[in-house]
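Remarks on the overall topology
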Amino acid sequence: MTETQTKVEITFDDFKAEVLNDYKIATISRECSLLGRREVLTGKAKFGIFGDGKEVPQLALAKAFQNGDFRSGYYRDQTFMMAIGAMTIEQFFAGLYGHTDINFDPMSAGRQMGGHFATHSLDENGNWNNLTTQKNSSADISPTAGQMPRLLGLAQASKIYRNVSGINQTNFSENGNEIAWGTIGNASTSEGLFFETINAAGVLQVPMVMSVWDDEYGISVHARHQTTKENISEILKGFQRDTNSKGYEILTVKGWDYPTLVATYEKAAAIAREEHVPVLIHVNELTQPQGHSTSGSHERYKNAERLAWEAEFDCLVQMRAWLIENNLATAEELEAMDEQAKKDVLEGKKAAWKAFVTPMKEEQNELLEVLKSIANSSENKIFIEKIISDLATIKEPIRKEILTSARKVLRMVVNETKVKTPLANWITNYTAKIQPKFSSHLFSQSDKNVLTSIDVAPTYDASAEEVDARLVLRDNFDAIFTKYPESLIFGEDSGNIGDVNQGLEGMQEKYGELRVADVGIREATILGQGIGMAMRGLRPIAEIQYLDYLLYAIQIMSDDLATLQYRTAGRQKAPLIIRTRGHRLEGVWHSGSPMGMIINSIRGIHVLVPRNMTKAAGFYNTLLEKDEPALVIECLNGYRLKEKMPTNLGEFKTAIGVVETIKEGTDITLISYGSTLRLVEQAAKELEIIGISSEIIDIQSLLPFDINHDIVKSIAKTNRLLVIDEDLPGGASAYILQEILEVQNGYNYLDSAPQTLASKAHRPAYGTDGDYFSKPSIEDIFEKVYAIMSEANPTKFKSLY
């Protein structure tokens, strides 16, 4: 019998105490919203977005929420977080102030504005906590409906754990008994991500309960401009399940009706948890007493009639009336509780502010002592004392003001070595101490981060045959699925036909439809499935059929996956592998290589660009031993090329962040990756004939990039550099040049101007000629290298044109 089926008899006194405790939590949350707004308006906090008006339905949600469950929600769910014991008053205000100590702001260590909630899935070393013994909240993001794709994956994980044998569920699941709970504002249901996720969850039949908080507005815009029929549950009626077809259970409930809300959430939980059926709860007739945020007032766009209705049907007003009507409390008792909530919140706010400013006051005093010592010995004493005076008068300094003061004084003493050195050291040490508070954990800092990867070469029998390269991938995936029971792959055409290039041929038949799965044409939620399942301990590989189609999912990758470790200061992770294929083929929509866009929008995800399928397979083998997300881009035109079949499938590894020199040379260094490398190799052969010796380096990994700085070692030998890339001009090639010239100081070794050779600025035209006239060709590479050498030695290499 499940927990939801077990009925525990409680006394009236127990019931009364529970209900009054709910009211206490709700009043504390409301007072946090009211006082939080004032903190923004006085300047102590920068921005506020609060959960007032949504308190009572969140209490009902919290009652149905069990250990092991996950929330993927909306930035107004503060009452829920308080109700499950995941946030205190002090932590609420620490988040509002942006406290950079995770012990005070466990939601994000000051990296997100208040209202964005998370629990800790990982300990301080990046190891998994036992997620089944705690209530879990995936880390919120601001983009509206951006929480939806991840929600799908959090729910699907329960289905996998319940139905796939052989997975070690320790720390992650109790036989798939967990629900993923989503919350969203009614206006945000207009977003495509909402509809895509709702459809996908209905198809997959996963234990997801989706709450829509409906207060009739999206910022200032009424529902009549947002939703057909002004009613999301009405227009989703076609999703309602019946005896003949699977779908949703759709429930509606008024947001001020406490007992009905509790009963509704109990019913929804039973359906989702026991039957693995998704549920939509439309919570309507809600209010938003302070308007959308601290940026404006709702009196500007709500008429007097609406405001009067909101005052009457405020969920706290209605809950208070219900308590009195049912003799659970007197008006006087509730007023006393209200007053106590005000006192508790005020004290919590004061404690949070003191904890926030005290370290910075100490840093201010430390710098003042250093500056006073410098002033007494400096010829610029009078000017330094002015800065000292200005800094000292700041009663509640921020770190910008502290460091700015120090750096201004440094300029004044630049020629006074005796006083400059201690100040320069202080600034260096202070920056080293403070910068990580804002910049750490873009990538994993655990012992499983990708920078610990090492290359393990593939091994071959003496009689190793050359096969279609897709077979190397296929057989390596076979080894992976056997070695890692928690691994699974899904995408468009990934299952039945074994992907469009047969790199998964026969895998669904062998491992089942849940581990090797076909999905609909919906890239954003394919990514979301992967994110959510990876957050719950599975090792998903999400397949996007073509690199061009990654644009559908780039927002989720950028806003959610790439920032996850960063915005939780290392307390959540999703080691998702994203598999796709791209680069050269023929046609506008299947031969893109938008690498500049990708690498500059998904920092926090590794971007791997193998030149062949053996290298790609090695990356998959490496990543499954690590704990970070990565994008692997296979060469679209490489599946039918011949490669030898390794004997150590599943075991050989391609090191991440390490380049490979595939041809040595003395005259020029040619840098490239992916499909273009084959053209570079052919051009180099033709250049060799006329006496130009090219060194060719395969980047292999764009993020991270050449961590051993091997490229600059090559340039030190050849003194010339050409980057060949099939992205647009100024795309990935510009990034590559910046890494080589600035990070590796490659400029110091160049005798010729560094150059790039990229595609034309338009999308590739269709057909073989379209490819030739759109992207770098062998002749383009030959002539570009020749021109560089001609400039260096015009006598030997006379101008071609």
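Scroll up to find the structure this text is about.
Definitions and cut-offs
Residues numbered from 1 in each chain as written. Predicted model: local features only at pLDDT ≥ 70, side-chain atom pairs only at ≥ 80, totals over all residues. Heavy atoms only, no water. Helix = DSSP H or I, 4+ residues; strand = E, 2+ residues; numbered from the N terminus. Rg over C-alpha atoms; globule rule 2.2 N^0.38 Å. Buried < 20%, exposed > 50% of the residue type's maximum accessible area, 1.4 Å probe, protein only. Contact = heavy atoms within 4.5 Å. Areas by Shrake-Rupley, 256 points an atom, 1.4 Å probe, with all protein chains shown as cover. Lys, Arg positive; Asp, Glu negative; His and termini not counted. Charge placed at Lys NZ, Arg CZ, Asp CG, Glu CD. Core = buried A, V, L, I, M, F, W, Y, C linked by side-chain atoms within 4.5 Å. Phe/Tyr/Trp six-rings, centres within 6.5 Å; stacked < 30°, edge-to-face > 60°. Axes fitted to C-alpha atoms, helices over the stretch in contact; angles between N-to-C directions. Parallel < 35°, antiparallel > 145°, perpendicular 65-115°, else oblique. Left-handed = near helix turned anticlockwise from the far one by under 90°. Patch = residues over 30% accessible without salt bridge, like charges linked within 9 Å, V, L, I, M, F, W, Y side chains within 5 Å. Salt bridge = Lys/Arg side-chain N within 4 Å of Asp/Glu carboxyl O. Expected span 1.5 Å × (residues − 1). Bend = angle between axes of the 7 residues up to and from the residue. Pairing = 2+ DSSP bridges. Right-handed = clockwise from strand over helix to strand, strands pointing away.

**As for the overall build of the protein chain**
Scanning the protein chain from N- to C-terminus turns up 26 helices and 22 strands. Its C-alpha atoms give the protein chain a radius of gyration of 30 Å, within 12% of the compact-globule value 28 Å for 801 residues. Once the C-alpha set of the protein chain is aligned to its principal axes, its extents read approximately 100 × 85 × 45 Å. Within the protein chain, buried positions represent 59% of all 801 residues. Across the protein chain, every contact between residues at least 6 apart in sequence was considered, and the portion connecting residues at least 24 apart equals 79%. Of the roughly 32,100 Å² of accessible surface on the protein chain, 51% is carried by carbon and sulfur atoms. Side chains of the protein chain give 83 positive and 107 negative charges; the mean places of these two sets differ by 4 Å.

**Comments concerning the nonpolar core**
Met 595, Val 607, Leu 702 and Ile 736 are the most contacted members of the largest nonpolar core, which has 117 residues in total. By residue number, the principal contributor to this core is helix H5 (residues 147-163), which donates 8 residues. Beyond its immediate stretch of four places on either side in the chain, Val 607 contacts Met 595, Ile 598, Ile 599, Ile 602, Leu 631, Ile 633, Ser 701, Leu 702 and Leu 703. Ranked by size, the runner-up nonpolar core spans 90 residues in total, among them Phe 117, Ile 179, Ala 268 and Leu 368.

**With respect to the packing of aromatic side chains**
Here the structure, examined in full by the defined rule, presents 26 aromatic pairs. Judged by centre distance (5.2 Å) and plane angle (50°), the rings of Tyr 258 and Trp 322 are tilted. Of this pair, Tyr 258 sits in helix H8 (residues 258-275) while Trp 322 sits in helix H10 (residues 315-325), and the two are 64 residues apart along the sequence. For the residue pair Tyr 258 and Trp 322, the accessibility class agrees, reading buried in each case. An angle of 10° between the planes, with centres 4.7 Å apart, marks the rings of Trp 426 and Tyr 430 as stacked. Residue Trp 426 and its partner Tyr 430 are both found in helix H14 (residues 417-439); the two are separated by 4 residues, about one turn of the helix. One exposure class covers both Trp 426 and Tyr 430, and it is buried. Ring pairs connect the aromatic residues Phe 50, Phe 92, Phe 93, Tyr 97, Trp 353 and Phe 356, which therefore count as one cluster.

**A look at the packing of helix H1 (residues 12-41) against helix H11 (residues 331-377)**
The interhelical angle for the contact between H1 and H11, taken along N-to-C directions, is 50°, at an axis separation of 9 Å. Between H1 and H11, the interaxial angle falls into the category oblique. Both H1 and H11 take part in a crossing whose hand is right-handed. Note on element contacts: H11 touches H1 through Leu 334, Met 337, Asp 338, Ala 341, Lys 342, Val 345, Leu 346 and Lys 349, opposite Leu 20, Tyr 23, Lys 24, Thr 27, Ile 28, Glu 31, Cys 32, Leu 35 and Glu 39.

**Looking at a nonpolar patch on the surface**
A cluster of nonpolar side chains, namely Ile 10, Phe 12 and Phe 15, defines an oily patch on the protein surface of about 280 Å² accessible area. Within the secondary structure layout, Ile 10 lies in the segment before H1. Ile 10 sits in the partly exposed class, given a relative accessible area of 45%.

**Topic: H11**
One full turn of an α-helix is made of 3.6 residues, so residues set three or four places apart face in the same direction. In a regular helix each residue adds 1.5 Å, so 47 residues correspond to 69 Å; H11 covers 69 Å between its end C-alpha atoms and thus fits that length. Remark: the principal bend of H11, roughly 25°, maps to Val 357, with a proline, Pro 359, within the next four residues.

**Focus on the pattern of salt bridges**
Considering all chains together, one arrives at 48 salt bridges under this definition. Among the salt bridges present, the one from Asp 468 reaches Lys 642, with a minimum N-O distance of 2.7 Å. Within this pair, whereas Asp 468 is found in strand S9 (residues 466-468), its partner Lys 642 is found in strand S16 (residues 642-644), the two being separated by 174 residues in sequence. Across the pair Asp 710 and Lys 713 runs a salt bridge, and its minimum N-O distance is 3.0 Å. Placement of the pair is Asp 710 and Lys 713 together in helix H23 (residues 710-718), with a separation of 3 residues, close to one helical turn. In this structure Lys 713 comes out as exposed when scored by relative accessible area, which is 52%. The network of salt bridges with shared partners includes Asp 499, Glu 543, Arg 579, Arg 581 and Glu 634.

**Considering the sheet that holds strand S22 (residues 755-757)**
One open sheet holds the 5 strands; their spatial order is S17-S19-S18-S21-S22, and the pairing between them is mixed. Unpaired on one side and paired on the other, strand S17 (660-663) and S22 mark the two borders of the sheet. Adjacent strand axes in the sheet meet at a mean angle of 25° when their direction is disregarded. Two elements, strand S18 (residues 668-672) and strand S21 (residues 721-724), share 3 bridges in a ladder whose sense is parallel. Bridge assignment links Ile 671 to a residue of S21, and that residue is Val 723. In the packing of helix H22 (residues 676-689) onto the sheet, contacts are made with S17, S18, strand S19 (694-698) and S21, and the angle to S19 comes to roughly 170°.

**Regarding the pairing of S21**
Covered by surrounding structure in S21 are Leu 721 and Val 723 together with Leu 722 and Ile 724, the residues of both alternating faces. As paired elements, S21 and S22 share 3 bridges and run parallel to each other. Paired with Ile 724 across the bridge in S22 is Leu 757. Taken together, S21, helix H24 (residues 732-743) and S22 constitute a β-α-β crossover, and its handedness is right-handed.

**Remarks on a negative patch on the surface**
A cluster of acidic side chains, namely Glu 332, Glu 333, Glu 335 and Glu 339, defines a negative patch on the protein surface. Relative to the assigned elements, Glu 332 resides in helix H11.

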